[in-house]
Amino acid sequence: MTVSVLTDAAGGEALRPHAEHAFADELKALAAADDRPRPARWKLSPWAVSTYLLGGTLADGTLITPKYVGPRRLVEVAVTTLATDRALLLLGVPGTAKTWVSEHLAAAVSGDSTLLVQGTAGTPEEAVRYGWDYARLLAHGPSREALVPSPVMRAMAEGMTARVEELTRIPADVQDALITILSEKTLPVPELGQEVQAVRGFNLVATANDRDRGVNELSGALRRRFNTVVLPLPATPEEEVDIVSRRVARIGRSLDLPPAPDGMAEIRRVVTVFRELRDGVTTDGRTRLKSPSGTLSTAEAISVVTGGLALAAHFGDGVLRPGDVAAGIVGAVVRDPTADQVVWKEYLETVVRERDGWKDFYRACREAAE
């Protein structure tokens, strides 16, 4: 089942359309140009799904924008996994685009990225298996009409791709409800003496990271049901700048923020600061640095720059300047007000203060930290 775009009373589009709606033109162009074999119930062939994620130019000149900037082989392995009987686990530190990739994979494969289970410490087993409409259950007893299918059950019945976000945040006993689904491709409903068998086309994409607190390790039995693809942080500064600039431009358009002239200079500066503190060494390799407690991910860099654009648009002259991003950077770096404050001040005084062309940034960060 495809969920249509929700609109408000004034007919405005959703603030963040699902991938299948936001990139509908690209998916349609790929489907028209795609003459390669497609697995059962896939909207596109594996080649077309990879092209959708990595970008390219079709024979008719249609430009497909990159959704993921990273190693091609990782994307090809992920797509190929979904064409087999093994589920896919996207693993990585926070901010490595796991959720972004899983959404676009589901959109390209099934045309619907909304069959989603959001993992939290309070996720119940019903979110993975099924629940009940208790009014009908009390009135008429257990029946198919009273059963409320989970997104996973719906994906099994319709041959689509289900998504489980933050799998390791889900309690271990709830995680293990997936074992029978992934190994036997069936979901028993003992209350009805029935089962739901997965039809061809069904698969599952899960995301997880082991850096956050509150993590529940996957059991060996469950981990064996997944093919794991580790999404790395961007390999080079240029790669990370490209990711940040693309995402910020798209978010800015959705928020009606004007394009920031010369904004690339500040984007490069934010990325440089994050990478140096994350790696514990300056770009030139000459100075060792202490790393703060936060992850300083690409996603956080996108958030800092987007916030800076909003400040420049609403309270400045529309030009992205150091003062617009300084507060966001300080907020991202200084998570622990004691230890991280020391790390940040040391970095400002030993690196930023002495760097050519960074005096304005140094002053803005000093002011933001006061």
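**Student:** So what about the overall build of the protein? Which residues, and what values?
**Tutor:** The helix and strand inventory of the protein stands at 16 helices and eleven strands. Whereas a compact globule of 370 residues would reach a radius of gyration of roughly 21 Å, the protein reaches 23 Å, a difference of no more than 12%. Projecting the C-alpha coordinates of the protein onto the three principal axes gives extents of approximately 70 × 50 × 45 Å. A total of 370 residues make up the protein; the buried ones form 46% of that total. Within the protein, counting contacts between residues at least 6 apart in sequence, those at least 24 apart form 71% of the total. Surface accessibility of the protein: about 17900 Å² in total, with carbon and sulfur atoms responsible for 52%. The average position of the 43 basic charges and that of the 49 acidic charges among the side chains of the protein differ by 3 Å.

**Student:** Could you give me a rundown of the side chain of T123, with the residues and numbers involved?
**Tutor:** Within the secondary structure layout, T123 lies in the loop between β4 (116–118) and β5 (130–132). A polar contact of 3.2 Å, which involves the side chain of T123, links it to the backbone oxygen of Q118. At a separation of 2.8 Å, a polar atom in the side chain of T123 contacts the main-chain amide nitrogen of T120. The residues contacting T123, other than those within four sequence positions of it, are V117, Q118, I170, P171 and V174.

**Student:** Could you give me a rundown of the packing of helix α2 (residues 24–33) against helix α3 (residues 46–54), with the residues and numbers involved?
**Tutor:** Contact pair α2 / α3: the axes reach a minimum separation of 10 Å and the direction vectors enclose 150 degrees. Taken together, the axis directions place α2 and α3 in an arrangement best described as roughly antiparallel. By crossing handedness, the relation of α2 to α3 is classed as right-handed. Contact residues: α2 offers E26, L27 and L30, while α3 offers A48, T51 and Y52. For the contact of α2 with α3, the class distribution of residues is four nonpolar, one polar and one charged.

**Student:** Before we move on, can you summarise the packing of aromatic side chains with the specific residues and values?
**Tutor:** Here the distance between the centres and the angle between the planes together describe a pair of aromatic rings. Within the structure shown, the criterion is met by four aromatic pairs. Judged by centre distance (5.3 Å) and plane angle (75 degrees), the ring pair of W358 and F361 falls under edge-to-face. The pair formed by W358 and F361 is uniform in burial state, with each residue classed as buried. Above the face of the W100 ring, R247 is positioned so that its terminal group lies 4.0 Å from the ring centre. The side chain of R355 reaches across the aromatic face of W358, ending 4.8 Å from its centre.

**Student:** Account for the nonpolar core, naming residues and giving values.
**Tutor:** Of all hydrophobic cores here, the largest spans 37 residues; its most connected members are V152, L167, L178, I181, L182, L204 and F226. At the level of elements, β3 (87–91), β5, α7 (151–158), β7 (161–165), α9 (178–184), β8 (186–189) and β10 (203–208) are the ones that each hand at least two residues to this core. Among the nonpolar cores identified, the runner-up in size contains 36 residues, and V270, I329, V334 and F361 belong to it.

**Student:** Let's hear about the pairing of β3: which residues, and what values?
**Tutor:** Most of β3 is tucked away: five of the five residues are buried. Residues of β3 alternate between two faces, with A87, L89 and L91 on one and L88 and L90 on the opposite face, all of them buried. Examined bridge by bridge, β3 and strand β11 (residues 226–230) share five bridges and lie parallel to one another. Within the sheet, the bridge partner assigned to L89 lies in β11 and is T228. Sheet topology places β3 next to β10; four bridges connect them, and they run parallel. Counted as the bridge partner of L91 is A208 from β10.

Calculation notes
Residues numbered from 1 in each chain as written. Predicted model: local features only at pLDDT ≥ 70, side-chain atom pairs only at ≥ 80, totals over all residues. Heavy atoms only, no water. Helix = DSSP H or I, 4+ residues; strand = E, 2+ residues; numbered from the N terminus. Rg over C-alpha atoms; globule rule 2.2 N^0.38 Å. Buried < 20%, exposed > 50% of the residue type's maximum accessible area, 1.4 Å probe, protein only. Contact = heavy atoms within 4.5 Å. Areas by Shrake-Rupley, 256 points an atom, 1.4 Å probe, with all protein chains shown as cover. Lys, Arg positive; Asp, Glu negative; His and termini not counted. Charge placed at Lys NZ, Arg CZ, Asp CG, Glu CD. Polar contact = N/O pair within 3.5 Å; in protein donor to acceptor, adjacent residues only side chain to side chain. Axes fitted to C-alpha atoms, helices over the stretch in contact; angles between N-to-C directions. Parallel < 35°, antiparallel > 145°, perpendicular 65-115°, else oblique. Left-handed = near helix turned anticlockwise from the far one by under 90°. Nonpolar A, V, L, I, M, F, W, Y, C, P; charged D, E, K, R; others polar. Phe/Tyr/Trp six-rings, centres within 6.5 Å; stacked < 30°, edge-to-face > 60°. Lys NZ or Arg CZ within 6 Å of the ring centre and 35° of its normal. Core = buried A, V, L, I, M, F, W, Y, C linked by side-chain atoms within 4.5 Å. Pairing = 2+ DSSP bridges.

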